Structure formats: C-alpha cells, structure tokens
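Analysis of the macromolecular model
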Amino acid sequence: MPALIAALEGMLGTWLTQFLLGFTALAALITLNAMFMVWFERKVSAWVQGRLGPMEHGPQGTLQTLLDVIKLLGKEPIIPAKVDRTTFILAPVVAFLPALVLLSLLPYSEDLVFTNAESGILLVFAFGGVSLMGVFMGGWSSNNKYALLGGVRAVSQNIAYELPLLLSTMAVVLSAGTLNISKIVQVQTAGGFGWFFMYQPLALIIYIIAATAETNRAPFDIPEAESELVAGFHTEYPAMGFAVFFLAEYTYMFVVCGVGAALFLGGNHGPWLPGPCWFLIKVYFLLFLMVMFRWTFPRLRFDQLMDLAWKLLIPLSLANLMVTALVIKLV
Amino acid sequence: MPELSPETLLNAALGLLIVMTLAGAVLAVTLRKVFHNLLGFGLSVIGGAGVTLILGSEFVALMQLLIFLGGIAIAMVFAVMMSTPNEQAEEPRSAGAVIPAILLGLGFTALICWAMLDGNFPQSSPYVAEAWSVKNIGLLLLTDYELPFEAISILLLAAIIGSVLIARRTREPEPSEEADRG
C-alpha cells in the first residue's frame, strides 16, 4: 500500500494524490455504510417484531444487501413516457451529489479530517438544501400526483425542521465559540471539560428529533408515507434511480449522526480505542437510536408534524439558545 | 508531467463555476416552464456561492446557499401550485413582454457595471478565509454597520408580524367546521 501511494505521488503530485485517496475513501464509506444500514435496519426491525430477519445469505444474512445491490444493478431502468425527462434523470444525482461534500466535513479523528472548513456546521446544512432540491425535482418531474405530494411535503417538512436543527447546534457553537467542527471536538476533549451533551441535554434532544425529521425518517416519513402516497417522491423510480435516492438517504443519516456525535458526544474522544473507532461507535449508536424510533413510534399526521416543529421545537430551541447566551455572559 | 498546484486547480474551478453561474442564469430566463426556470436559478445561485467561496468569503457563500436554496424550494412549491399542468403545452412568449424585459435587464446590468467600475472597493487577497470570517462580519455588523443592521431587523420583524396577522385572519374557523369539531 505505501509503495502504491508513493508511485501515485510520483505520477500525479502530492496534492492530487491526497485528493484522489480521500475521494476513494469517502466513496467506499458511502457504499459500505448504506449496505450495512440496510442490513442493520432489517435486523433491528426483525428483533423489535420478534422475527429473525434476513438469515439465508452469509452468517446472520450479512450478504443479503450485497445481493440486493446486484439485483438492483441488473434491473431495467424504466423511464415512464410522460415524465419530464431531463429533470427526472437529474433528480437522483442532485439528491446524491452533496453527500460526498458532507462526508468530507466530518472529523473522523484529529489527523483524519478531509476538509477543515472554518464554518463547517453551516456548510453541512447548506448542502442539505441542495439535496432537498433533488427530492423535489424527483417528485415534480415524475408527473404523478403521489410523487408531487411527496415532494411538496418534503419541502415543507425540511424547511420547518431546518430551523430547530440549526438553532440547537447554535447553542453548542455559542458554548464552544467556533463554527469549525474539529475545533468544537477539541474544546470537548481539552482537559476535563466534558462532552457537550452534559451541558446541552435539551439541545441534544431537539437535535435528534429535528435530524430524524430532516432525513425523512419515520415517524416523520410523510414524504414517502406508503399507506397514503404509494412511495411518495420516488414512486416512479425503479432500479438504480431508486437505489441512488436510498444511498443519499442513508448517507445523510450518517452525516447528521456524525455531526451529532462530534457536537454532543465528543467526536473521536474516548479511552483505549483509536479515534476513528470511537467516532464510528458514537455515530452508529445514534443511527441505532434513529432506527429504533422508526420501529417504535407511529407516524405523525401532517398537521401534528408542523405543530411539533413550529410550536414546540423552535420556541424551545430559541429559549435554549437565549439561556445559553445568558449563562455564558454571566459565568 | 508538471505538478498541478492547488492554485491552478482553484483557478480552473473558478472558471467552471463562472460558466455554471452564467449558464444557470441563461436557463433561468429562456426556458418556458417556471419549474425549469427556478432550477436554472438554483444552478446560478450554487455557482455564485462557489465563486464567493473560492474568493475567500466562506460565510457569505454558505448563507447564500442556505437562504437562497430554501427560498427556491419554497418558490418551486408555489410555482407548481400556480403554473399550468405538466402535460399542457406552454404558449410562446409574446414579443410585447420579451422586449421590455430584455431592455430592463440590460439597463440594470449597465447600472450595476457602472457602479462597480466607478466604486472603490477595498481589495481582499483571494483564497484567504480570514478576511471575511464570521467573526469579522459579526464585529462589523455590531460596530460600524449597526444602524443598517437594526433597520433590517425591524423590517424583518414587521414582515413576520404581517404574515402572522394575514395567516390569522384567513384561518378563522367556519361555523360548520366548529360544529364538526364539537
């Protein structure tokens, strides 16, 4: 491996080699995470419901997702006749592309940071908006009323929950005094300060609820509620179009949980194990919580969903922010 | 093969982003469907944010993405509600609307160009994030530019109160609806 890297550096130069290596690593992370999450989700749902879940392929059915991917790759990509062709084809791409940028912003350990952006947190949420456009493009271009309704719901839900999501992280930003995710992790690991969830428990709760809603996960999955809207915005997408939407969804789950782990749970900080291990453990703990939400809470009705965001979460997070500012000023 | 320096790549990216911004702007005015126009505008905004990012103003770029993309998504929903259905062919634009629009656009561009060439802007070094960081912008807003900052806050507050008032007035329940709930 080091020999290969040295050979690459000789050919392309240090900078481009680093870029290519980072790109490849993140692409691998996206694929592996999605494959693991699909299997994990099916297993957890099976345990919750007293079933076994996938068991046939590999130990505990671990190879099931790999075979699913091969099946999806072999399927015919159908484009319905009356869709808006260009937008229809572009939609999954637009939904997926920001995922790579977002993954490069997470602090995997002190040394392993792909992009050390000074306003990293804002960058995460800004690029989330790009993928929302992809979802709505898919919903509109499908020329299907269920898909369109799903898209419209996705927009209103994402706009509503982006506010508490941002406001809850701002309380942490205020305490840490920086928008840089790596620096926020450093503040928590520096001598005896402790992780931010101890100081900001309310912000953590608001963050997890809003993050679940931002990623369109149950109990907030009304953009794709199967009992009302067939499959919502991706109704008309077969084969890889569908797969790319799901790849994007699982990557966003990883990203919001990664930001949550970095902001509230000390990122790569922990005893004995190396940094990236701790980071992944924390991320998958938060992901496990999100999966459990899906199988324990019933889906919210649309007006309940909006009430929760505008009447409860936003005022709460604003109050939390003000109290935080006051305490910082006084202490 | 000569080593590709980060500066060369950044310059190439800058050129690409400028082309993207202009292409998005052209799409935004030439396409016939409102939804496509908004997508073109979105492309233009993303390109513009990229240019701002490369020129070293990370915060402004991010705010542009956060605010404009959310705004475009909402505008799309309204566009869907108000425009003609997908399957219906759009009528061609009338010359009576196109020509004044072109003249107005050109006039505005000329005005902006004149103001920019005439004005004296402080030069910030490119590719440096420090000059226009969140901290500096925040300090400037609360010291040198406090009056405009407060004025904008009041404008926003008035807009919020206005929208709440409008929403209230139209949401009064009908007597029949009241009976349904009872």
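Residues numbered from 1 in each chain as written. Chains lettered and ligands numbered in written order. Predicted model: local features only at pLDDT ≥ 70, side-chain atom pairs only at ≥ 80, totals over all residues. Heavy atoms only, no water.

1. Brief notes about the overall build of chain B
- Secondary structure assignment for chain B yields seven helices and zero strands.
- Its helices and strands in sequence order give chain B the pattern α-α-α-α-α-α-α, from N to C terminus.
- When burial is assessed residue by residue, chain B has 22% of its 182 residues classed as buried.
- In chain B, once contacts between residues fewer than 6 apart in sequence are set aside, the share between residues at least 24 apart is 60%. (Helix = DSSP H or I, 4+ residues; strand = E, 2+ residues; numbered from the N terminus. Buried < 20%, exposed > 50% of the residue type's maximum accessible area, 1.4 Å probe, protein only. Contact = heavy atoms within 4.5 Å.)

2. Side note on the interface of chain A and chain B
- Contacts between the two partners involve 30 residues from chain A, matched on the other side by 28 residues from chain B.
- Summed over both sides, the interface between chain A and chain B buries roughly 2500 Å², with carbon and sulfur atoms accounting for 78% of that surface.
- Among the residues of chain A in contact with chain B, Trp15, Met133 and Trp140 of chain A are the three that bury the most area, contributing 26% of the side total.
- Put simply, chain A and chain B have zero salt bridges between them.
- Summed over the shared surface of chain A and chain B, the number is one residue pair in polar contact (both at pLDDT 80 or more). (Buried area = accessible area lost by both parts, 1.4 Å probe. Salt bridge = Lys/Arg side-chain N within 4 Å of Asp/Glu carboxyl O. Polar contact = N/O pair within 3.5 Å; in protein donor to acceptor, adjacent residues only side chain to side chain.)

3. Observations regarding the packing of helix α7 (residues 145-176) of chain A against helix α3 (residues 58-82) of chain B
- Between α7 of chain A and α3 of chain B, whose axes approach to 10 Å, the crossing angle comes to 150°. By the criterion of interaxial angle, the relationship of α7 of chain A to α3 of chain B is roughly antiparallel. α7 of chain A and α3 of chain B meet at a crossing whose hand is left-handed. In this structure, α7 of chain A contributes Leu148, Val152, Val155, Ile159, Glu162 and Leu166 of chain A to the contact, and α3 of chain B contributes Leu66, Gly70, Ala73, Ile74, Val77 and Val80 of chain B.
- In terms of residue class, the contact of α7 of chain A with α3 of chain B is built from ten nonpolar, one polar and one charged. (Axes fitted to C-alpha atoms, helices over the stretch in contact; angles between N-to-C directions. Parallel < 35°, antiparallel > 145°, perpendicular 65-115°, else oblique. Left-handed = near helix turned anticlockwise from the far one by under 90°. Nonpolar A, V, L, I, M, F, W, Y, C, P; charged D, E, K, R; others polar.)

4. Here's the deal with the confidence of the model for chain B
- Averaged over all residues, the pLDDT of chain B is 79; the fraction at 70 or higher stands at 82%.
- For this predicted complex, the interface confidence score (ipTM) comes to 0.74, while the overall pTM stands at 0.81. (pLDDT = per-residue confidence, 0-100.)

5. Describing the environment of Ala319 of chain A
- With respect to the helices and strands, Ala319 of chain A occurs in helix α14 (residues 302-330).
- Each C-alpha atom, one on Ala319 of chain A and one on Ile79 of chain A, is 49 Å from the other, the two residues being 240 residues apart in sequence.

6. Remarks on the side chain of Asn37 of chain B
All names here are of chain B.
- Of note, Asn37 is situated in helix α2 (residues 34-54).
- Overall, Asn37 belongs to the buried group, its relative accessible area being 16%.
- Other than its neighbours up to four places away in sequence, Asn37 contacts Leu27, Ala28, Val29, Leu31, Arg32 and Arg93.

7. Quick notes on the pattern of salt bridges
All names here are of chain A.
- One pass over the structure, following the stated rule, counts four salt bridges over all chains.
- With a shortest N-O distance of 3.2 Å, Asp68 and Arg42 are connected by a salt bridge. One end of the pair, Asp68, is in helix α3 (residues 64-74); the other, Arg42, is in helix α2 (residues 14-48), and 26 residues separate them in sequence.
- Linking Lys311 and Asp307 is a salt bridge whose minimum nitrogen-to-oxygen distance equals 3.4 Å. With Lys311 and Asp307 both in helix α14 and four residues apart, the pair spans about one turn of that helix.
- On the accessibility criterion, Lys311 (62% relative accessible area) is exposed.
- Classification of Asp307 by relative accessible area gives partly exposed; the value is 35%.

8. Looking at the packing of α7 of chain A against α14 of chain A
Residue and element names in this part refer to chain A.
- At a closest axis distance of 9 Å, the pairing of α7 and α14 adopts a crossing angle of 15°. Comparing the axis directions of α7 and α14 gives the class roughly parallel. Here the hand of the crossing between α7 and α14 comes out left-handed.
- Across the contact of α7 with α14, the residue classes break down as 20 nonpolar, seven polar and one charged.

9. A short note on unusual backbone geometry
Residue and element names in this part refer to chain A.
- Even without glycine at this site, Asn143 takes up a positive phi of about 55°.
- Tracing the chain through its elements places Asn143 in the loop between α6 (120-141) and α7.
- Overall, Asn143 belongs to the partly exposed group, its relative accessible area being 29%.

10. Quick notes on the packing of aromatic side chains
All names here are of chain A.
- By the definition in use, this model includes twelve aromatic pairs over all chains.
- Judged by centre distance (5.6 Å) and plane angle (50°), the ring pair of Tyr207 and Phe264 falls under tilted. Taken together, the positions of Tyr207 in helix α10 (residues 201-214) and Phe264 in helix α12 (residues 239-264) put the pair 57 residues apart, joining distant regions of the chain.
- Within the aromatic cluster, the residues linked to one another by ring pairs are Phe36, Trp39, Phe40, Phe254, Tyr284 and Phe288. (Phe/Tyr/Trp six-rings, centres within 6.5 Å; stacked < 30°, edge-to-face > 60°.)

11. Comments concerning α12 of chain A
Residues and elements named next belong to chain A.
- Compared with an ideal rise of 1.5 Å per residue, which puts 26 residues at 38 Å, α12 spans 38 Å between its outermost C-alpha atoms and is within 8% of the ideal.
- With respect to burial, α12 is a largely interior element, 21 of its 26 residues being buried.
- At the C-terminal side of α12, Gly266 shows a positive phi close to 80°. (Expected span 1.5 Å × (residues − 1).)

12. Quick word on the domain arrangement of chain A
Residues and elements named next belong to chain A.
- With domains assigned, chain A is organised as domain 1 (1-74) and domain 2 (84-330).
- On a C-alpha basis, the centres of domain 1 and domain 2 stand 21 Å from each other.
- Each partner contributes to the interface: domain 1 provides 20 residues, whereas domain 2 provides 23 residues.
- Buried surface at the junction of domain 1 and domain 2, both sides included, amounts to about 2000 Å², of which 82% is carbon and sulfur.
- For the salt bridge of Arg294 with Glu41, the shortest nitrogen-to-oxygen distance reads 3.3 Å.
- Counting every contact that joins domain 1 to domain 2 gives four residue pairs in polar contact (both at pLDDT 80 or more).
- Among the secondary structure elements, those contributing two or more residues to the side of domain 1 that touches domain 2 are α2 and α3.
- Ranked by residues supplied to the side of domain 1 that touches domain 2, first place goes to α2 with 17 residues.
- Across the side of domain 1 that touches domain 2, the residue classes break down as 15 nonpolar, four polar and one charged. (Domains from an automatic or database assignment.)

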